[in-house]
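Structure at a glance
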Amino acid sequence: MAIRYKLYQWASENSANYQKWYGKAVVNNLISTDQIADRIQANSTLRKSDILAVLSELSEVIHNELIMGNRVMLDGIGSFKPGITSTSAETAKEWSVVSNIVGTHVIFRPETTDIITRGSRSRVAKMLLGATFEEMPEYARPGQTGSEGGETTPGGDETKPGGGDDDENLFG
């Protein structure tokens, strides 16, 4: 199955990209830890209960490392590091943890590899190598009366990926 996308138009009037069109990935399904354990069990000699125990402990270890301020690297997956959201203060002396840190989050960076395409080097998330793309069926595609999607591969005329929930390039 391909990664599905739908088209959307940039709506911010203050942007140089105002009214330009982009593709945005659409999630097909949510895959649970239990389902992942089933798949690993089917592909190995491990029992599901052992896999679930390891994944549970992995979650605890990552949590503990992150709250100690460490970056956690999982080979073949990527790295996790802690991040904070803070407000400003007029001076460094006025800034304090209690008053100015307003949130925490986890920053994930997928493991990448370098690829060379048409003489140009780029970084690609290893987990997305070989991905193909297909327009989401059955949605009102802007400017058309029906969905006329087709499967595509990276490249083509689009030089800038758009949308998504982060600022990362779709391919890495």
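Residues numbered from 1 in each chain as written. Predicted model: local features only at pLDDT ≥ 70, side-chain atom pairs only at ≥ 80, totals over all residues. Heavy atoms only, no water.

If you walk across this open sheet you meet the three strands as β3-β4-β5, and the pairing is antiparallel. Strands at the two margins of the open sheet, each flanked by one partner only, are β3 (72–74) and β5 (101–110). Taking each pair of neighbouring strands and ignoring which way they run, the sheet shows an average axis angle of 25°. Where strand β4 (residues 78–86) lies against β5, nine bridges are found, and the strand directions are antiparallel. Note that in β5 the partner of Pro 82 across the bridge is Val 106. (Pairing = 2+ DSSP bridges. Helix = DSSP H or I, 4+ residues; strand = E, 2+ residues; numbered from the N terminus. Axes fitted to C-alpha atoms, helices over the stretch in contact; angles between N-to-C directions.)

What follows deals with the packing of aromatic side chains. This structure, assessed with the given rule, holds three aromatic pairs. On the basis of an interplanar angle of 65° and a centroid distance of 5.8 Å, the ring pair of Trp 10 and Tyr 22 is categorised as edge-to-face. Here Tyr 22 lies in strand β2 (residues 21–26) and Trp 10 lies in the loop between β1 (3–9) and β2, a separation of 12 residues in the sequence. Three or more aromatic residues joined by ring pairs form one cluster here, namely Tyr 8, Trp 10 and Tyr 22. (Phe/Tyr/Trp six-rings, centres within 6.5 Å; stacked < 30°, edge-to-face > 60°.)

What follows deals with the nonpolar core. In this structure, Ile 62, Leu 66, Val 72, Leu 74 and Phe 80 together form the largest nonpolar core, which totals five residues. Residue contacts for Val 72: discarding those within four places in its chain leaves Ile 62, Glu 65, Gly 78, Ser 79 and Phe 80. (Core = buried A, V, L, I, M, F, W, Y, C linked by side-chain atoms within 4.5 Å. Buried < 20%, exposed > 50% of the residue type's maximum accessible area, 1.4 Å probe, protein only. Contact = heavy atoms within 4.5 Å.)

Turning next to the environment of Asn 28. Positionally, Asn 28 belongs in the loop between β2 and α1 (33–42). For Asn 28, a relative accessible area of 34% gives the class partly exposed. Along the sequence, Asn 28 and Ala 2 sit 26 residues apart, while their C-alpha atoms lie 9.8 Å from each other. Once residues lying within four places of it in the same chain are set aside, the contact partners of Asn 28 are Met 1, Ala 2 and Arg 4.

Glycine aside, a negative phi is what most residues show, and trans is what most peptide bonds show. One non-glycine residue with positive phi stands out, namely Gln 19, at about 65°. If you trace the backbone, Gln 19 turns up in the loop between β1 and β2. Residues other than glycine seldom take positive phi values, yet Arg 118 does so here, at roughly 50°. Assignment of secondary structure puts Arg 118 in the loop between β6 (112–117) and β7 (120–125). Among the residues examined, Arg 118 registers a relative accessible area of 72% and is labelled exposed.

Across six bridges, the pairing between β6 and β7 is antiparallel. Bridge pairing in β7 places Thr 112 opposite Ala 125. Linkage of β6 to β7, two consecutive antiparallel strands, is achieved through a turn of two residues, within which Arg 118 is found at a positive phi near 50°.

Now for the environment of Thr 85. Mapping Thr 85 onto the fold places it in strand β4. A sequence separation of 15 residues divides Thr 85 from Asn 100, and the C-alpha atoms of the two residues are 8.4 Å apart. Ignoring any residue separated from it by four or fewer positions in sequence, one finds Thr 85 in contact with Asn 100, Ile 101, Val 102, Gly 103 and His 105.

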